[in-house]
Amino acid sequence: MTDQMDAGIVAQQIAEHPDALSKPYAGGELGRGRRRKEDAKLVTGQTNWTDNISLPGLLHMTVLRSPMAHAKIVSVDVSAALELPGVIAAYSGADLADVMGASMPCAWPVTPDMVSPVHTPLATDEVRYVGDGVAVVVARDRYAAADALEAIAVEYEQLPAVVDMEEALKPGAPLVHSDKGTNQCFLFDFPGAGADYAETVRGAGDDAVVVRRRFRQQRLLPTPMEPRGVVVAPIAAADEFTMWSTTQIPHVLRVMLALTTGIPEHKLRVVAPDVGGGFGAKLNVYAEEILALVVARKLGRPVKWTESRSENYQATTHGRDQIQDIEIAATKDGTLLGLKVELLADMGAYLQLITPGVPVLGAFMFPAIYKMPSYHFTCTGVFTTKTPTDAYRGAGRPEATYAIERIMDELAAELGRDPMELRRQNWITHEEFPYEMVAGLTYDSGNYEAATDKAEQMFDMAGLRREQAERRERKDPVQLGIGISTFTEMCGLAPSRVLGSLSYGAGGWESASVRMLPTGKVEVVSGATPHGQGHHTAWSQIVADSLGVPFEDVELVAGDTRSSPKGMDTYGSRSLVVGGVAIHKATGKVIEKAKRIAAHLLEASEDDLDFGKGTFSVKGSPEAKLTIQEVALATFAAHNLPDGMEPSLDSDYVYDPENFSYPHGTHLCAVDIDTETGFTKIRRYVCVDDVGKIVNPVIVEGQIHGGLAQGIAQALYEEAVYDAEGNLTTGSLVDYLVPAAPDLPHFDTGRTETPATSNPLGVKGVGEAGTIASTPAVINAVVDALRPYGVDDIDMPATPERVWRALQGSDEERATAGTVSYGGSSTGSTGGSASSDSLENDGSAR
Amino acid sequence: MIPPEFDYVAPTTLAEAVAALGEAGEDAKILAGGQSLIPVLRLRLAFPTTLVDLSRVPELRGVSEDADTLVIGAMTKHSDVVEDPLVQQHAPLLSEATATVADPAVRHRGTFGGALAHADPAGDLAAVALALDAELVAEGPGGRRTIPARDFFLDYLETSLSPDEILAAVRIPKLRGSWGVRYEKFNRVAQAWAIVGVAAAVRTEGGAIAEARIGLTNMGSTPVRPAAVEAALVGASDRAAVVAACAAVAEGLTPPSDLGAQADYRAHLARVLTARAVAHAAGMSS
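If you're wondering where the values come from, they're calculated on a predicted model, not measured in any experiment. (Residues numbered from 1 in each chain as written. Chains lettered and ligands numbered in written order. Predicted model: local features only at pLDDT ≥ 70, side-chain atom pairs only at ≥ 80, totals over all residues. Heavy atoms only, no water.)

Concerning the interface of chain A and chain B
Residue-level contacts link 36 residues of chain A with 33 residues of chain B. Each partner contributes to the roughly 2,800 Å² buried at the junction of chain A and chain B, and carbon and sulfur atoms together form 55% of this total. Connecting chain A to chain B are five salt bridges. Glu676(A) serves as the salt-bridge partner of Arg276(B), at 2.7 Å between the closest nitrogen and oxygen. For the pair chain A and chain B, the number of links is 13 residue pairs in polar contact (both at pLDDT 80 or more). Where the side of chain A that touches chain B is concerned, the elements lending two or more residues are α6 (142-149), α23 (800-808) and α24 (834-840) of chain A. Tallied by class, residues from the side of chain A that touches chain B come to 17 nonpolar, eight polar and 11 charged. (Contact = heavy atoms within 4.5 Å. Buried area = accessible area lost by both parts, 1.4 Å probe. Salt bridge = Lys/Arg side-chain N within 4 Å of Asp/Glu carboxyl O. Polar contact = N/O pair within 3.5 Å; in protein donor to acceptor, adjacent residues only side chain to side chain. Helix = DSSP H or I, 4+ residues; strand = E, 2+ residues; numbered from the N terminus. Nonpolar A, V, L, I, M, F, W, Y, C, P; charged D, E, K, R; others polar.)

Structure, rendered in structure tokens:
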């Protein structure tokens, strides 16, 4: 410490703990493979899950759910439930109609004329999916509450289920919302930023080759380890409420709860305690959150609701569920002419927070990494009597990436070209960045060549192709397939002006506050809400590197609207590229303030100060220096500050990104297919991901691994199946197959590092990349193995039975020539395997 | 888990357990490892009045020898069956099949007897018991009786145990001579039920199959012993002969069509997997 400082008693105390202010910053924190700070408590059970929260007088809420996909509610009688021991209250939808709000929010009206049905937390007139809430019970314990559900009498008048999207759009189809007169939610038409697609293809005349396919994005069930739950504690006299919820979005939730229930925003505190994964399914405002809140308000007592896994599968939003008609056109030499995409997107029965926005987000990703002069995208949103869909890891981009990467392989097959060579011919080269895409985005940076070269080398592409030829030659019962996915994605949601142009209801900024404590420790407050991402660790590294303080000296405050009052929360791989940059910028403001004070204390001009590794030093006289911790202490004491300066280093920053971030990479997959059984085994998986500058390679690796597992799960394992009556027949983990470690291959991961140029850290998002990239790599490998057998597509998941049926040629007849509407040659298939239909109509016998 | 209310008793001897079951009456359920019963309770698909928990009855656990027979206590956990040296030596087919049951957590809770008494045709161990000509020892108020495996499995989730009987042990004749074994399990993810499973024990003499015993998992409402195929396999001395003999394995069977697979695909799998299991067990793999 210098003699200019006089921090009194605090300084004396600190002097007795000599390490407190003098711990030097060793440097190299950015890019260091730190173990995650949060893991010790996670693996020792010292977590604070929502369901662990217990309060004096806590009541337990359960929700009675519709067993029918579609029915008129004739009557709901809760009187018998009220007679049971331990039951405090029971309410039908009608009982709560005046307090539960007019409708739950959908924040993304994707077109001005979008049909937005009323969606109350409990159904009052009709139930519209199996799992739709009909009544609630509140009891002293969960057992009494569960028993009481069985005592509620509901009379239904069954209405026709609406299960199939195409059937739903036919004239005269039964309506999910009869008052709307249609099952079409919206038609989003996006002609791209380039030339007209049809004209471009016609212009190429006989030189145009057109390939079309129909791909299905099956419905998926997000399966976070922790299902949903909520606890609401009222202070009745003040009409104030604290809500703990398993949510990714406490800040958004608070605003939406206020708007929905009329409880003033400042009377609501929302806390996301430890949250065990979300994958997009906790990016929502849920009926049970509103119900717990209004019931707690009504009763003046704390209320808890925790869902079971079966309930989770019915009542938590689902993912994907699109039919993709995609057409790609190229000249005979393989140069792309354009892309036409027509989507049908299943909304489910109602619009949740961003239901309609998910497929529309994909509009910008279909052209992916490829240069093409024309592009046309349309998407029709469709209501069905199924659980609402919404964001699921990748949200819009996995669907788009799948379709483009699949059809690039089909185009290569049509042209007789090597699929990687065709990609190389058409992708943006690294010299061409920044590149303005036909879908309107400007990609800031990338190097597809570097990632691909590295991946091919790790994969031994040449060796595997040789082996493949040999196996084909000798008709080996185990055939080898090789799949490619050269992907990019848009993440770091999002520049607010872009969201505005897409009619999204909020901005895409993130906030950060950095607080220097008197002892030199740092609290960083972030509006990004962690639910498994490793924020505590990564933010500590950013702050440590920026301020020059030890990693251990940084603590994160997040996930509570009282202590981190401003935020847009966590989804869309935005935490680092938006929230992390906000933190970095806030630390810059801390350093600016500290520099003024240091200059004052060192009696030097600010211009003469250097700052590095946490120390201000005077140029030319290196012995005159102060650490940032010393400055923090001096600021706390405030005995000797520059005139007019506020005694605080604390700084806030709200960062609005100027662009999305565009991670990319090359994923290569080799599968062995047992042609006798149809079983697909992934034998090699290589991915080289470019996520820009890396803050923590361990966290990056973890995100890639988890992402790969989820993407592979879509390709080979997971599928939510509804029967013709609208029952979810894969309603438990017995029938909905989530792969575990033994089912997944070793992941051979590599990296290239092309910094993002649109943010000062050079970082890109990584939370969804693995999921987005891996699904088409696997399916391309499966189709590659089967192509000699005349197979040119397979529905997901590529189950052994589907593969076997494809090999038997018993798959639904796939057209070998589509109609030619632009001149030139054209091939197409309408996809859809026979097995999928027969499977779906044949529920479990078990 | 939020099950409906039930009474719970935990006897410490088999005699006490039989008495407790008798007292509890018709709507009582026996709790062994709980790997099937607990999920059913959790989903409120069953409403037993009493659970008789056998986990504190030591005499129901462990593996012993009785001359040419292996005796496995009904409450022996899967993980103990897998590790047991006597089982590995005298009934390696059971070790191999048990190692494929679900996942480690289930194998450390679930029991051999519980799995057999539950009689799910998709469970792996019933087919093994059938193939190995096991005998099931039941204890009831009238005393002890022994039921051959072929008479034990009556239908889907239905056995010849009467409601007041407890499965006490399983007796498995030791394999003597030149036997090879194989359990071919086909499932989509490691912890899932078998879509089809084939348990095979094959005795060879002079390079040809002298005796074959086969049990099929999930090819009907009970485990199945395809006697005609077993007979046809005798004398087979190469893979082609095995494949030919196994072609008829699904004849006369009515496997289920469900989310896991359609019946025709199951029949196909049974043919492929039976040939593989037998060829492997007979050392005719390539």
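Re the UniProt feature "domain: FAD-binding PCMH-type" (unreviewed entry) in chain B
In the numbering used here, UniProt assigns the feature "domain: FAD-binding PCMH-type" (unreviewed entry) to residues 1-177 of chain B. Within the segment residues 1-177 of chain B, helix and strand shares are 33% and 25% respectively, and the terminal C-alpha atoms sit 49 Å apart. (UniProt positions renumbered as here; feature names shortened; annotations may be inferred.)

Side note on the nonpolar core
All names here are of chain A. Met 61, Phe 366, Phe 377, Tyr 685 and Ile 712 are the most contacted members of the largest nonpolar core, which has 166 residues in total. By residue number, the principal contributor to this core is helix α13 (residues 397-415), which donates nine residues. Residue assignment places this core across two domains, with domain 2 (50-159 + 223-315) and domain 3 (190-220 + 317-493 + 660-840) each supplying three or more. With 44 residues, the next largest nonpolar core counts Val 514, Leu 576, Val 581 and Val 631 among its residues. (Core = buried A, V, L, I, M, F, W, Y, C linked by side-chain atoms within 4.5 Å. Buried < 20%, exposed > 50% of the residue type's maximum accessible area, 1.4 Å probe, protein only. Domains from an automatic or database assignment.)

Regarding the domain arrangement of chain A
Residue and element names in this part refer to chain A. Per the domain assignment, the segments of chain A are domain 1 (8-30 + 509-655), domain 2 (50-159 + 223-315) and domain 3 (190-220 + 317-493 + 660-840). When each unit is reduced to the centre of its C-alpha atoms, the spacing between domain 1 and domain 3 is 43 Å. Contact with domain 1, which involves 19 residues of that partner, is made by 21 residues of domain 3. Area buried by domain 1 at its contact with domain 3 is led by Gly 572, Ser 573 and Val 577, which between them contribute 33% of it. Counting across the interface, domain 1 meets domain 3 through zero salt bridges. Our enumeration of links across domain 1 and domain 3 arrives at seven residue pairs in polar contact (both at pLDDT 80 or more). Listing elements by their share of the side of domain 1 that touches domain 3, those giving two or more residues are α18 (535-547) and α19 (575-601).

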